[in-house]
Amino acid sequence: TVFTTHSVVPTEQSRNLGQFTVGTTRLLYVAQGEVRAGVDLTDITIEDVTVKEQDDTLVVTLPPAQILDHKLDVNESQVQSYDRGFLNLGPDVAPQLQTLAQQEGLNQVIDAACDQQILDQARDRAEDSIKELLTKSGYNKVEVTSEVPSSSQCKV
């Protein structure tokens, strides 16, 4: 399952002289990101595949869905604005602020994917795909189940 979205991330840093702020630099970043979730089939063991002899049903238990990959699309993401404040007195820290904004943007994209139940969608798709594959391979009765993903599996 692939989830794509964008987030708007403001960052700022101030220049201080003693206790007084002399200038503040603000950067507004629009991050376009993608999260991929699925089931790692290499985690299936022989114990996860059984046959119910009473009705000749093949039963497969899949591992829980997990986030497999996450990234920002740097070609679609961009700095929307960069302002060093009055008389450009804010610190010249564009690269640092952009790096902070990119990391926060990626975190927001992952959180949005989790809020939209990406792991549940990935689990459902994996179950359907494996059932269809095994049915087309000649098995008449196939049951595919999987562990319900926990909220901790939706973090990277």
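These remarks concern the structure in this document.

Definitions and cut-offs
- Residues numbered from 1 in each chain as written.
- Predicted model: local features only at pLDDT ≥ 70, side-chain atom pairs only at ≥ 80, totals over all residues.
- Heavy atoms only, no water.
- Helix = DSSP H or I, 4+ residues; strand = E, 2+ residues; numbered from the N terminus.
- Rg over C-alpha atoms; globule rule 2.2 N^0.38 Å.
- Buried < 20%, exposed > 50% of the residue type's maximum accessible area, 1.4 Å probe, protein only.
- Contact = heavy atoms within 4.5 Å.
- Areas by Shrake-Rupley, 256 points an atom, 1.4 Å probe, with all protein chains shown as cover.
- Lys, Arg positive; Asp, Glu negative; His and termini not counted.
- Charge placed at Lys NZ, Arg CZ, Asp CG, Glu CD.
- Core = buried A, V, L, I, M, F, W, Y, C linked by side-chain atoms within 4.5 Å.

## Observations regarding the overall build of the protein chain
Broken down by element type, the protein chain carries 2 helices and 7 strands. Mapped in sequence order, the helices and strands of the protein chain form the string β-β-β-β-β-β-α-α-β. Taking 2.2 N^0.38 as the reference for a compact globule, 156 residues should give roughly 15 Å; the C-alpha atoms of the protein chain span a radius of gyration of 24 Å, well beyond that estimate. Projected onto the principal axes, the alpha-carbon positions of the protein chain cover approximately 80 × 30 × 20 Å. The buried share of the protein chain, reckoned over its 156 residues, is 34%. Put simply, 76% of the contacts in the protein chain that link residues at least 6 apart link residues at least 24 apart. For the protein chain, the accessible surface area stands at approximately 9800 Å², while carbon and sulfur atoms represent 48% of it. Taken together, the 12 basic and 24 acidic charged side chains of the protein chain have centroids lying 5 Å from each other.

## As for the nonpolar core
Counting 31 residues, the largest nonpolar core has Val35, Leu62, Ile67, Ile118 and Leu119 as the members making the most contacts within it. Breaking this core down by element, the ones donating at least two residues are β1 (2-17), β2 (20-38), β4 (57-62), β5 (66-72), α1 (94-115), α2 (118-136) and β7 (142-146). Top element by residues in this core is α1. It accounts for 7 residues. Excluding anything up to four places from it in sequence, Leu119 contacts Ala37, Ala65, Gln66, Ile67, Pro149, Ser150, Gln153 and Cys154.

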